[in-house]
Amino acid sequence: AGIINFCANNYLGLSSHPEVIRAAVEALEKFGAGLSSVRFICGTQSIHKDLEEKIARFHQREDAILYASCFDANAGIFEALLTPEDAVLSDELNHASIIDGIRLCKANKYRYKHMDMQDLEAKLKEAQQKHRLRLVATDGAFSMDGDIAPLREICQLAQKYDALVFIDECHATGFLGPNGRGTDELLGVMDKVTIINSTLGKALGGAAGGYTTGPKPLIDLLRQRSRPYLFSNSLPPAVVGCASKALDLLMESNAIAQSMAAKTQRFRSKMTAAGFTISGKDHPICPVMLGDARLASVMAEDMLDRGIYVIGFSYPVVPKGKARIRVQISAVHSDEDIDRCVQAFIEVGRKHGALS
């Protein structure tokens, strides 16, 4: 029956969508393979500006700026925005690209315990007394555990202590929220989050690319000062074409985004009923917690023998003692695919003693 991929970030199945592929081919034929230039020299075509406008409209923000990846977007924003007079407060489990971006800036750095609002408030109090500008930085959805940041509480604290809120939406854009706009839409704080960074390389076509969207003065500043934007080639036309079509499909209908909830619930409930511990809540990232690194590795190998492609995660990617197999549900998985995956887990889990 072939191999079913259960570990890709292809949340909406758009990387193989015929209209998305056709849009990439048309852009390639019309605009060429690439521009051999950064954006501010001769690397900007109409399709780049059109995609930035479309991203801003999708997120209901003023403007947007494209990068080669969201890693570049995260590397470029903190250094450009924050000075030694400022402070950035970062969740301890933020993505490596956020951590690296914060390391590049000269702002004062605070790290608060994972999704711990008491710890965040204590650090905001301290930062308010010492620093000019305060920026709270968090993943919207955390990629290793599938948990979602408490954005309502974060935004309330930010308002109380006169801080800005930044979220990385790589594992939320396209499928969380009623219209797939992300965790800020899901939790009803779209008007409270100042800056969004996200990717075109996961749900939005799966090829490459990232972006920042937010207030126009911020985007104008990034065009002048963000080093990854200034010194990296512009996105290839084919990538722009497929991402643009992916956004068109999402803005035309929320049916694809809505399909994710039922599929995610099916997998989580069946796995829990079988006796597995699934981390996170209501997110298509479904970490099957096993604890032991070797167990995660051998179970993943046996899953492949049963036609299910998954990968074991262990230290240093995740903390010691927190080894897991991270399953990722996609809109293109059928109910039969999900049931087959669950049955394979049950068989392999019993074989290796993960289930009684």
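Residues numbered from 1 in each chain as written. Predicted model: local features only at pLDDT ≥ 70, side-chain atom pairs only at ≥ 80, totals over all residues. Heavy atoms only, no water.

Chemist: Hey, could you run me through the pattern of salt bridges in this one?
Modeler: Between side chains of opposite charge, a pair can form as their charged atoms come close. The full count for this structure, using the stated rule, is 21 salt bridges. For the salt bridge of arginine 132 with aspartate 86, the shortest nitrogen-to-oxygen distance reads 2.8 Å. Of the two residues, arginine 132 sits in the loop between α5 (117–130) and β5 (134–139) while aspartate 86 sits in the loop between α3 (70–81) and β3 (87–91), which places them 46 residues apart along the sequence. Lysine 192 is the salt-bridge partner of aspartate 191, the closest N and O atoms lying 3.3 Å from each other. Taking relative accessible area as the criterion, aspartate 191 reaches 61% and is therefore assigned exposed. (Salt bridge = Lys/Arg side-chain N within 4 Å of Asp/Glu carboxyl O. Helix = DSSP H or I, 4+ residues; strand = E, 2+ residues; numbered from the N terminus. Buried < 20%, exposed > 50% of the residue type's maximum accessible area, 1.4 Å probe, protein only.)

Chemist: How should I be thinking about the side chain of glutamate 52 in this particular structure?
Modeler: Structurally, glutamate 52 can be placed in helix α2 (residues 46–59). On the basis of relative accessibility, which here comes to 1%, the residue glutamate 52 falls in the buried class. A distance of 2.9 Å separates a polar atom in the side chain of glutamate 52 from a polar atom in the side chain of arginine 39. (Polar contact = N/O pair within 3.5 Å; in protein donor to acceptor, adjacent residues only side chain to side chain.)

Chemist: In this structure, what is going on with the sheet that holds β5? I would like to understand it.
Modeler: Backbone-to-backbone hydrogen bonds join strands into a sheet, with any given pair of strands oriented parallel or antiparallel. Judged by pairing direction, the sheet is mixed, and its seven strands sit side by side in the order β2-β8-β7-β6-β5-β3-β4 without closing on themselves. The sheet is open, and its two edges are formed by β2 (63–67) and β4 (108–112), each paired on a single side. Taken over all neighbouring pairs, the strand axes of this sheet differ in orientation by 20 degrees on average, direction set aside. Bridge analysis of strand β6 (residues 164–168) against strand β7 (residues 195–199) gives three bridges, and the strand direction is parallel. Among the inter-strand pairings, phenylalanine 166 is bridged to a residue of β7, identified as isoleucine 195. Here helix α6 (residues 151–160) sits on the sheet in contact with β4, β5 and β6, set at roughly 155 degrees to β6. (Pairing = 2+ DSSP bridges. Axes fitted to C-alpha atoms, helices over the stretch in contact; angles between N-to-C directions. Contact = heavy atoms within 4.5 Å.)

Chemist: Sorry, what's going on with α2 here?
Modeler: The α-helix advances 3.6 residues per turn, and as a result positions three or four apart in sequence lie on the same side. The terminal C-alpha atoms of α2, which comprises 14 residues, lie 20 Å apart, in line with the 20 Å expected from a rise of 1.5 Å per residue. Listed as buried for α2 are Ile47, His48, Leu51, Glu52, Lys54, Ile55, Ala56, Phe58 and His59. Looking at the buried positions of α2, the neighbouring elements they touch are α1 (18–31), β2, β7, β8 (210–214), α8 (216–225) and α10 (237–252). Just beyond α2, the residue with positive phi is glutamine 60, at close to 60 degrees. (Expected span 1.5 Å × (residues − 1).)

Chemist: How should the domain arrangement of the protein chain be read in this particular structure?
Modeler: A common measure of how large an interface is: the accessible area buried when the components associate. What the domain assignment lists for the protein chain is domain 1 (17–252) and domain 2 (254–352). Taken together, the 17 residues of domain 1 in the interface contact 17 residues of domain 2. For the pair domain 1 and domain 2, the summed buried area comes to about 1300 Å², and 57% of that belongs to carbon and sulfur atoms. Area buried by domain 1 at its contact with domain 2 is led by Met144, Asp145 and Phe175, which between them contribute 42% of it. Along the contact surface separating domain 1 from domain 2 lie one salt bridge. Among the salt bridges present, the one from arginine 324 reaches aspartate 145, with a minimum N-O distance of 3.3 Å. Along the contact surface separating domain 1 from domain 2 lie nine residue pairs in polar contact (both at pLDDT 80 or more). The class makeup of the residues in the side of domain 1 that touches domain 2 is eight nonpolar, seven polar and two charged. (Domains from an automatic or database assignment. Buried area = accessible area lost by both parts, 1.4 Å probe. Nonpolar A, V, L, I, M, F, W, Y, C, P; charged D, E, K, R; others polar.)

Chemist: Honestly, the pairing of strand β12 (residues 323–328) in this entry has me stumped. Any pointers?
Modeler: Every other side chain in a regular strand lies on the same face of the sheet, so the side chains alternate between the two faces. When you tally the buried positions in β12, you get six out of six residues, the bulk of the element. Taking every second residue as pointing to the same face, both faces of β12 are buried, with Ala323, Ile325 and Val327 on one and Arg324, Arg326 and Gln328 on the other. Alignment of strand β9 (residues 285–291) against β12, held across six bridges, turns out to be antiparallel. Its bridge partner being in β12, methionine 289 is matched across the sheet by arginine 324. Bridge count for strand β11 (residues 312–313) against β12 is two bridges, and the pairing is antiparallel. Within β12, the residue paired with glycine 312 across the bridge is isoleucine 325.

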